[in-house]
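# Topology and contacts: notes
The lines below spell out each chain.
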Amino acid sequence: MGFLRGKTCHLKTRTDLFYWNREIIMPEKRKDIILVVDFGSQYVQLIARRIRENKVFSVVEPHSVSLERVREIAPSGIILSGGPSSVYGRGAPVFDVRVLQEGIPVLGICYGMQYIASVLGGKVSRGGRREYGRADVKFVTENPLFKGLSPKSITWMSHGDKITRLPRGFGRVAKSGNTSCAAFRKVSGSIYGVQFHPEVEHTVEGAKILKNFIFGICGCKRSWTPESFVAAKIKEIREKVKDKEVILGLSGGVDSSVCAVLLSRALGKKLHCIFVDNGLLRKGERERVEKVFKRNIKLDLTVVDAEKLFLKELKGVEDPEEKRKVIGRTFIKVFERAAKKIKNAEFLAQGTLYPDVIESQPFYGGPSKTIKSHHNVGGLPQKMGLALVEPLRDLFKDEVRVVGEELGLPGDMVNRQPFPGPGLAVRIVGEVTRKRLNVLREADKVIMDIARKRGIYGKTWQMFGVYLPVQSVGVMGDDRTYEDAIALRAVTSTDGMTADWAKIPYDVLSEISNRVINEVDGVNRVVFDITSKPPGTIEWE
């Protein structure tokens, strides 16, 4: 393999050198799946979403993904993401280059493009001038990746290195004012690379480029639909569970609700739901869950009143992360006790979503810090000895809503805003007490009523109040007050991974402030949070 000359150091082990020359067994049929390989890019989930927006399923795997795993996925195409490293740097992420011999179309983006060039015999060097932000790219030759594009297009760059020598058999197909090779392709194959980021909206024709790759080069069909997902998951659940019983912790939120109905379709009476009232819920939440799931949908639902226990365990706890851990441990204790009463249960179901997994266990596998613990990611199966069923684990939030609609759930339930697992406890800064919970519940109810009445609820990703134990002087009538504050948090987002503060009209803000102060005892001030994510998180704790 002459095109690997001088680059065998990128193979993961010496054993790989032996296997490189062995016969490659090609799958009989590729699936309509695009595999996204993560090199640590901040945009990796955006790439996956862009693919799914075209009704083609995407799978994200770390750069350490094995050849065997790639063959198991049998993708129609592979996208190598960008990343913060330099390909020539110590400890830079590597990829099993044998995958490039599989005949699968490959698109390298930024670092992914540079990695392809480096590992196949080209050269990547530090650029004389970095290129960040807008860049005009000129396409110098016609090729399937840029079919139907303008001769010159606006793109978004984010790189300091550049390709200074192409691998043998590759040709340049685009350039920018700062980069002589802004895109390349393998002349006698389907390996492409772009230095810019087609997945971001700042690349004006990025969506066309991805469509050209997905459909024109990879030959995918638009098979990723709610109907196909539901049918496939029901079959998968039945094959996995067989005649065993399944337990689900039902919270009443979108994720667990969709999970419950999907499991009910697959398993019928073999599904047993447990709702733990931890005393940290919104006003009327327990009654709503019982009405919808026990009376209307008629699921086997056990309701556990554990408010006193949770408040006892949270007494004196002020640290946000410790709160989550205490709530998680207590939930496990209560849930496990209720679950033991269900005979022959061998599976535990959870409504875990992709963003939960990413925030709790960084996908890149590096030294990234955990932003916050998620109570529904890990823990319970090990404690209880139950196998895990997570039918929504590969979905983003908006996809869960679409699946919920397909399952026939009512609109007000499917389009319900996210609510944190630890409940109002992480919307109270400092210690959680019954008094503070009651104040926040009343303020939250006022905010929700106004948001729905004024048409703001459906336009925001989340909108809620945060209890601030910050007392300030106020005047009510002729009396001086010295009471706490409520912070209004409202954000817009697509999937919760990033968010911007919502531009709420002044008259709505005025109504919220006026009603909260007048109707909620113990509050004399309302403030508005205008922090985006990042740098902040959506929840305060």
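In the block above lies the structure referred to throughout.
Conventions adopted
- Residues numbered from 1 in each chain as written.
- Predicted model: local features only at pLDDT ≥ 70, side-chain atom pairs only at ≥ 80, totals over all residues.
- Heavy atoms only, no water.
- Buried < 20%, exposed > 50% of the residue type's maximum accessible area, 1.4 Å probe, protein only.
- Helix = DSSP H or I, 4+ residues; strand = E, 2+ residues; numbered from the N terminus.
- Pairing = 2+ DSSP bridges.
- Salt bridge = Lys/Arg side-chain N within 4 Å of Asp/Glu carboxyl O.
- Axes fitted to C-alpha atoms, helices over the stretch in contact; angles between N-to-C directions.
- Contact = heavy atoms within 4.5 Å.
- Core = buried A, V, L, I, M, F, W, Y, C linked by side-chain atoms within 4.5 Å.

Turning next to the pairing of strand β3 (residues 75-80). Across the six residues of β3, six count as buried, placing the element largely inside the fold. Where strand β1 (residues 31-38) lies against β3, five bridges are found, and the strand directions are parallel. The partner of isoleucine 34 across the bridge, within β3, is glycine 77.

The subject of this paragraph is the pattern of salt bridges. In total, this model carries 30 salt bridges according to the counting rule given. Its salt-bridge partner being arginine 50, residue glutamate 53 comes within 3.0 Å of it at the nearest N-O pair. For arginine 50, a relative accessible area of 22% translates into the label partly exposed. Here aspartate 96 makes a salt bridge to arginine 98, at a shortest N to O gap of 2.6 Å. Judged by relative accessible area, aspartate 96 falls into the buried class, the value being 2%. Overlapping salt bridges bring together Lys453, Arg454, Asp507 and Glu511 as one network.

Strands sit in the order β12-β11-β10-β13-β14 across an open sheet of five strands; the sheet is parallel. The two strands at the open ends of the sheet, each matched to only one other strand, are β12 (301-305) and β14 (387-389). Ignoring which end each strand starts from, the neighbouring axes of this sheet average 30° apart. Looking at chain direction, strand β13 (residues 345-349) and β14 are connected through three bridges and run parallel. What sits directly across from phenylalanine 347, in β14, is alanine 387. Each of β10 (245-249), β11 (271-277), β13 and β14 touches helix α7 (residues 254-267); the most contacted strand, β10, lies at about 165° to it.

What follows is about the nonpolar core. In terms of nonpolar packing, the biggest core is built from 72 residues, with Ile78, Leu263 and Leu392 touching the most fellow members. Per element, the largest residue contribution to this core is nine residues, and it comes from α7.

Moving on: unusual backbone geometry. A cis amide bond links lysine 533 with the next residue in sequence, proline 534, at an omega value of -15°. Looking along the chain, the bond that leaves proline 534 and enters proline 535 is cis, with omega of 15°. Counting through the fold element by element, proline 535 comes out in the segment after β18 (523-529). Look at lysine 242: it is not a glycine, yet its phi comes out positive at around 60°.

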